[in-house]
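# Structural overview for review
Chain residues, written in single-letter form:
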Amino acid sequence: MTTHTSADTFPRQYARTLRYTVGAPRSFSVAPDGSRVVFLRSLSGADRANLLWTLDTATGEERIAADPAVLLGGGEEDLSPAEKARRERSREGSAGIVGYALDGAGKLAAFALSGRLFVADLAAGTATELPAEGPLLDPRPSPDGVHVAYATTSGELRLTRVDGTGDRALVQPDGPNVTWGQAEFIAQEEMGRDRGHWWSPDSDRLLVERADDTPVDRWWIADPANPDREPAEIAYPAAGTADAEVGLWVLGLDGTRTEVAWDRAAFPYLARVHWSKGGVPLLLVQSRDQRVQRTLGLDVATGATEVLHEERDDVWLELFQGVPAWTPDGRLVRISDESGARSLVIGEHTATGPDLHLRSVLAVTADEVFFTASGGAAETDPEPGWVAVGRISHDGKRLSWESANGRPFTSVTTAVHAAGITVRATAEPDLPGTLVRVARDLPEGVVVDDIAVIASHAETPVITARPVFRFAGERRIPAAVFLPTGYDRERDGLLPVLMDPYGGPHGQRVVQAHNPHLNSQWFADQGFAVVVADGRGTPGRGPAWEKSIRHDFAGATLDDQVDALTALADEFPLDLGRVAIRGWSYGGYLAALAVLRRPDVFHAAVAGAPVTDWRLYDTHYTERYLGHPAEVPEVYDANSLTGYAAGLERPLMIIHGLADDNVVAAHTLRLSSALLAAGRPHTVLPLSGVTHMTPQEEVAENLLLLQVDFVKKSLGI
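Each chain carries its own residue numbering, running from 1 in the direction its sequence is written. Predicted model: local features are reported for residues with pLDDT of at least 70 only, side-chain atom pairs are reported and counted for 80 or more only, and whole-chain, interface and lining totals are derived from all residues. Side-chain measures were taken over the full set of non-hydrogen atoms in the model, leaving aside hydrogen atoms and water.

### Focus on the sheet that holds strand β12 (residues 157-161)
Taking strand neighbours across the sheet as the criterion, the 4 strands line up as β10-β11-β12-β13 in an open arrangement whose pairing is antiparallel. The open sheet has two free edges, formed respectively by β10 (136-141) and β13 (168-171), since each of these has just one partner strand. For this sheet, the mean angle separating the axes of adjacent strands, direction not counted, is 30 degrees. For two strands to pair, DSSP has to find at least two bridges joining them. By definition, any uninterrupted DSSP run of H or I lasting at least four residues is a helix, any uninterrupted run of E lasting at least two residues is a strand, and each is numbered from the N terminus. Summarising the sheet, β10 and strand β11 (residues 147-152) pair through 4 bridges and their orientation is antiparallel. Across the sheet, residue Arg140 finds its bridge partner in β11, namely Ala149. Axis lines are fitted to C-alpha atoms, over the contacting stretch for helices. Their N-to-C directions set the angle, which ranges from 0 to 180 degrees.

### Brief notes about the packing of helix α8 (residues 553-568) against helix α9 (residues 586-597)
Axis separation between α8 and α9 bottoms out at 10 Å; the angle between their running directions is 85 degrees. The orientation of α8 with respect to α9, classified from their angle, is roughly perpendicular. Taking contact as the criterion, the partners of Phe553, Ala554, Gly555, Thr557, Leu558 and Gln561 in α8 are, on α9, Tyr586, Tyr589, Leu590, Leu593, Ala594 and Arg597. Amino acids outside the nonpolar list (Ala, Val, Leu, Ile, Met, Phe, Trp, Tyr, Cys, Pro) and the charged list (Asp, Glu, Lys, Arg) are all regarded as polar, and Gly is one of them. Taken together, the residues of the contact of α8 with α9 sort by class into 8 nonpolar, 3 polar and 1 charged. Angle categories: roughly parallel below 35 degrees, roughly antiparallel above 145, roughly perpendicular from 65 to 115, and oblique for all the rest. It only takes one pair of heavy atoms within 4.5 Å for two residues to be counted as in contact.

### Things to note about the environment of Asp212
Following the sequence through the fold, Asp212 ends up in strand β16 (residues 205-212). Relative accessibility decides the category of a residue: with a 1.4 Å probe and only protein chains considered, values under 20% of the type maximum give buried, values over 50% give exposed, and everything between is partly exposed. Taking the relative accessible area as the measure of exposure, Asp212 reaches 12% and is therefore buried. When neighbours within four sequence positions are excluded, Asp212 is seen to be in contact with Asn177, Val178, Ala244 and Glu245. Here a polar contact is recorded for every N or O atom pair within 3.5 Å, except that within protein the pair must consist of a potential hydrogen donor and a potential acceptor, and residues adjacent in sequence are included only if both atoms are side-chain atoms. At 2.6 Å, the side chain of Asp212 and the side chain of Thr214 are in polar contact.

### Considerations on the nonpolar core
Residues Phe553, Phe602, Trp614 and Leu652 are the most contacted members of the largest nonpolar core, which totals 74 residues. Here the element with the most residues in this core is α9; it accounts for 9 residues. Beyond its immediate sequence surroundings of up to four residues, Leu652 is in contact with Ala592, Val595, Ala605, Ala607, Leu675, His682, Thr683 and Phe710. Among the buried residues, those of types Ala, Val, Leu, Ile, Met, Phe, Trp, Tyr and Cys that are joined through side-chain atoms within 4.5 Å form a nonpolar core. Grouped together as the second largest cluster of nonpolar side chains are 30 residues, Tyr20, Val530, Val532 and Val708 included.

### Quick look at the packing of helix α6 (residues 518-525) against helix α13 (residues 697-715)
Viewed as axis vectors pointing N to C, α6 and α13 meet at an angle of 40 degrees, and their least axial separation amounts to 11 Å. Considered as vectors, α6 and α13 are oriented oblique to each other. Judged by the twist between their axes, the crossing of α6 over α13 is right-handed. Contacts between α6 and α13 involve Asn519, Trp522 and Phe523 from the former and Leu704, Leu705, Gln707 and Val708 from the latter. Classifying every residue of the contact of α6 with α13 by side-chain character gives 5 nonpolar, 2 polar and no charged. By definition, turning the near helix anticlockwise from the far helix through less than a right angle yields a left-handed crossing, and turning it clockwise yields a right-handed one.

### Quick look at the pairing of strand β26 (residues 332-336)
Among the 5 residues that make up β26, 5 are buried, leaving the element largely enclosed by the rest of the structure. Here β26 shows no split at all, with Leu332, Arg334 and Ser336 on one side and Val333 and Ile335 on the other all buried. In terms of strand pairing, strand β25 (residues 325-326) meets β26 through 2 bridges, oriented antiparallel. If you follow Trp326 over to β26, its bridge partner there is Leu332. In terms of strand pairing, β26 meets strand β27 (residues 343-346) through 4 bridges, oriented antiparallel. Bridged to Arg334 within β27 is Val345. The turn joining β26 and β27, which pair antiparallel and follow one another in sequence, is formed by 6 residues; a positive phi near 95 degrees is taken by Gly340.

Shown next, in the form of structure tokens:
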């Protein structure tokens, strides 16, 4: 890690380094022959522009494969609106090379810079620009390394040769709102799928998404600070309204086109596409209510599909990275809640038991499946928040854990694996950053760290996080408590409390790592006892825990914040007469909800970018948890904030970026209008030009300072 400047304060450093991610290695791939590891990293913790790097697994030597400053001649990046939106969907705040794709041999990488196409010869260490129509998105080499397919902002999917010749449109939009080869909004924002085209293993054809967002309602995002500018038009599928129409086609390089057939009326969501060498292409499609999904096998010659597996759930079905997939001998690999636990299933065999909660599949080899998991049966876990990488034989009889520190259950680890090489990234609570090791499998299957550590250039934080992990209360709610640095109970007594949750689906905050807790520690160092609690609905505790919030955001998630607070007060110096709460996005919703519904517990709140009316949030997320608003309008009324406006008795600050196209500013304006109509004083802080990520350095820094000032004044500190 690199050092920081002596003038740094935590808020400034935290904002400038994008939460200490700048300079850290990321986006790892292993060449199929195991000869190299490919990754992204900037040159320092102060430089947001990522370079493409390789590591030679024979020598451990790192080498730059592509430098955007050289390729762009030192000029600034010029991002198209489509690329900016794509980065917003993926919460990408860095610059330079933010993504790449490899050919089948792992010798050629393709990537976009400023909407232009570049390829890197990873063996030679050279990079060149290819002639291409732009601005372009998501370039991907064919497995044989001859072609690169790429999408354009005009909706085309184009093809060019790596030798710089033959650039042509493979398919062009057949309507004004049609795109080919790009993932639609819902896939990017809610399904974790950012791809829209997939090469065949033989490089002779592609599977290509066609999306038509004509049916989707149009919203307009204005910039009130610049009234001379036209509002930006976006297609936003709000709960209960139409989604984009999504189909899939097989496109041959010779110009042939075959539409893929499945029951799109019953299963409109295309969630996953998988096409491995030697395997039938797999599609995972979901019903709109997400209670039924099918894994389909595709006949690429005819476009016909066959149902390989159908799964049903009375509540909802989750999506996972890495599945469905094939084992080399033709067994289906998936993650399922059918047993009551979230288990790994290989063929007809459930390979893991209720003691594990599966999170993703990382790799499938001839003998093993690599996966990430947490504790399944919470009562057996000594501490919350661990995520480990395991490897299990196909029959489930041989399970081992990947660990850099010998303690896989007191850290957060993920990995990539191929050709007997494992790249393992481990974060621990008492060490800043993430340690990335490259290891080689021994013949007997034991992993030794015998190759290299990939250096991190991320800055060392100016403060140290000191989380104390607990299971709180009868429900054993995962929690982390932070006290001011140097706190002495006899001297300092009880402390005002700041609850700092996300508290909702897909947002685990209590993790066995250091850097994710720095923000909470900084707030603690301002004189608070900070409590982070992951109540029902948050990941990592089993299907029943996550699904218990069905139709009940406003009850279950708030109740668990209260229960965690009161339980932890038995052990920690929490002044329950001075309790504030802050949060962003779902955490902002929860913070506002807390002072509206439980003013007896919460005495002030800061709500950042809160969802205040769930009818204004998108289809796939909202309907999964709350149902369809036309079918259960009472559920939406009970879980939205505007109906509770008259109950505000405590200070409330609402913060919202006016350029936010995920949780639009209308959420805050509607709540503010309801509060005004009820005669309830409150504070609104609008952020001109700011999106949901608040990437601007000065804005992010000052937001922390303003929140502390507001909370202290509100609590009389």
